[in-house]
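Each chain, written out:
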Amino acid sequence: MSVTFPNGFLWGVAAASHQIEGGNWNNDWWEFEHRPGSGCVEPSGDCTDSYHRYGEDIALVRDHGFGAYRFSIEWSRIEPEDGEFSIAALDYYRRVLAECHEQGVQPVVTFHHFSNPRWVAAFGGWEAPEIVGRFTRYCERTVAHIGDLISIGCTINEPNILSLMGYVVGAFPPGREHDVGAYVAVNDNLVQAHTIAYEVIK
């Protein structure tokens with residue numbers, strides 16, 4: 001049996017900032033993976049150093065015949081403290097986006113791929129109602145700086161996995177198990193955040 005795809009079908013590959021960039025010490029995943037008993041085999045550390053080698057990574061995407069590269073921007077770099085935005089970090093992601101266009105690859109940007117700034121985790125993360133406004137503000141500020149270079153935007157990667165693994169299974173930050181009340185609250189906040197951030201990004 002053969003499968004055909006329509007002309008213009010966009011093939012791509014995906015990655016996440018904390019999984020490839022390296023040095024994302026200011027988010028909840030870095031803290032979580034250093035906890036005894038977290039289940040993480042080893043800390044992320046420098047990862048594959050995509051923070052500095054993004055040009056090579058994009059070239060690999062292009063050379064393997066893909067037309068799109070989905071990657072996440074790291075909230076903890078862009079807003080390292082509540083309400084404090086880093087122009088240097090925003091400019092960095094502009095360079096990554098520009099490199100995608102230069103190499104003929106469409107950049108697909110995910111605004112949240114599992115990791116939160118430590119200050120977000122400190123006030124309760126996705127369980128806290130104020131997360132909706134904070135996430136929306138971060139998206140709005142980011143789009144104002146780099147939105148003209150984004151081909152496709154994705155608000156939140158796999159929100160169902162974020163809530164399930166973080167509050168029922170305990171394998172993601174904050175590492176809670178069987179907390180159904182928190183699981184419900186997190187899902188409600190994720191839906192609200194997506195709905196509002198969608199309008200901001202569009």
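Look above for the structure.
None of the values given here were measured: they were computed from a predicted structure.

Caption draft 1: Spotlight on the nonpolar core. The biggest cluster of nonpolar side chains holds 45 residues, and the ones touching the most others in it are Tyr-69, Phe-71, Ile-73, Phe-111, Trp-126, Phe-135 and Tyr-138. If we skip the residues at most four places from it in the chain, Phe-111 touches Ile-73, Phe-135, Tyr-138, Cys-139, Thr-142, Val-143, Ile-150, Cys-154, Thr-155 and Ile-201.

Caption draft 2: Inspection of the side chain of Thr-142 at higher detail. Within the element layout of this structure, Thr-142 appears in helix H7 (residues 131-146). Residue Thr-142 is classed as buried on the basis of its relative accessible area of 0%. Residues within four places of Thr-142 in sequence aside, it is in contact with Ile-73, Ile-78, Leu-90, Phe-111 and Gly-147.

Caption draft 3: Main features of helix H5 (residues 87-102). Taking 1.5 Å as the rise per residue, H5 with 16 residues should run 22 Å; its terminal C-alpha atoms sit 22 Å apart, in good agreement. Buried within H5 we find Ala-89, Leu-90, Tyr-92, Tyr-93, Val-96, Leu-97 and Cys-100. Summarising the axial view, the buried residues of H5 lie within an arc of 155°, below the 170-degree limit, and thus occupy one face. Residues of H5 that are exposed and angled more than 90 degrees away from the buried face: Ala-88 and Glu-102. In this structure, the buried residues of H5 make contact with helix H3 (50-63), strand S2 (68-72), helix H4 (75-78), strand S3 (106-112) and H7. Remark: Gly-104 follows H5 within two positions and exhibits a positive phi of approximately 75°.

Caption draft 4: Fine view of the packing of H5 against H7. Relative orientation of the contacting elements H5 and H7 amounts to 55°, with a least axis distance of 10 Å. Relative to H7, the element H5 lies oblique. Considering only the axes of H5 and H7, their crossing is right-handed. Along the contact surface, H5 presents Ile-87, Leu-90, Asp-91, Tyr-93, Arg-94 and Leu-97, while H7 presents Arg-141, Thr-142, His-145 and Ile-146. Taken together, the residues of the contact of H5 with H7 break down into 5 nonpolar, 2 polar and 3 charged.

Caption draft 5: Geometry of a nonpolar patch on the surface. A grouping of Met-1, Val-3, Phe-5, Phe-9 and Trp-11 is seen on the molecular surface, where their side chains present a nonpolar patch of about 640 Å² in accessible area. Along the chain, the position of Phe-5 falls in the segment before strand S1 (12-14).

Caption draft 6: Expanded view of the sheet that holds S1. Here 4 strands make up an open sheet; going across it, the order is S1-S2-S3-S4 and the pairing parallel. If you trace the sheet from one side to the other, it starts and ends with S1 and strand S4 (152-156), each paired once. Along the sheet, successive strands turn relative to each other by an average axial angle of 20°, direction set aside. In this sheet, S3 lies alongside S2 in parallel orientation, the contact comprising 5 bridges.

Caption draft 7: Here's a closer look at the pairing of S2. Most of S2 sits out of view: 4 of its 5 residues are buried. Both S1 and S2 contribute to a ladder of 3 bridges, which runs parallel. Residue Gly-12 lies in a different strand from S2, and its bridge partner there is Ala-68.

Parameters and conventions
Residues numbered from 1 in each chain as written. Predicted model: local features only at pLDDT ≥ 70, side-chain atom pairs only at ≥ 80, totals over all residues. Heavy atoms only, no water. Core = buried A, V, L, I, M, F, W, Y, C linked by side-chain atoms within 4.5 Å. Buried < 20%, exposed > 50% of the residue type's maximum accessible area, 1.4 Å probe, protein only. Contact = heavy atoms within 4.5 Å. Helix = DSSP H or I, 4+ residues; strand = E, 2+ residues; numbered from the N terminus. Expected span 1.5 Å × (residues − 1). Arc of directions from axis to C-beta. Axes fitted to C-alpha atoms, helices over the stretch in contact; angles between N-to-C directions. Parallel < 35°, antiparallel > 145°, perpendicular 65-115°, else oblique. Left-handed = near helix turned anticlockwise from the far one by under 90°. Nonpolar A, V, L, I, M, F, W, Y, C, P; charged D, E, K, R; others polar. Patch = residues over 30% accessible without salt bridge, like charges linked within 9 Å, V, L, I, M, F, W, Y side chains within 5 Å. Areas by Shrake-Rupley, 256 points an atom, 1.4 Å probe, with all protein chains shown as cover. Salt bridge = Lys/Arg side-chain N within 4 Å of Asp/Glu carboxyl O. Pairing = 2+ DSSP bridges.

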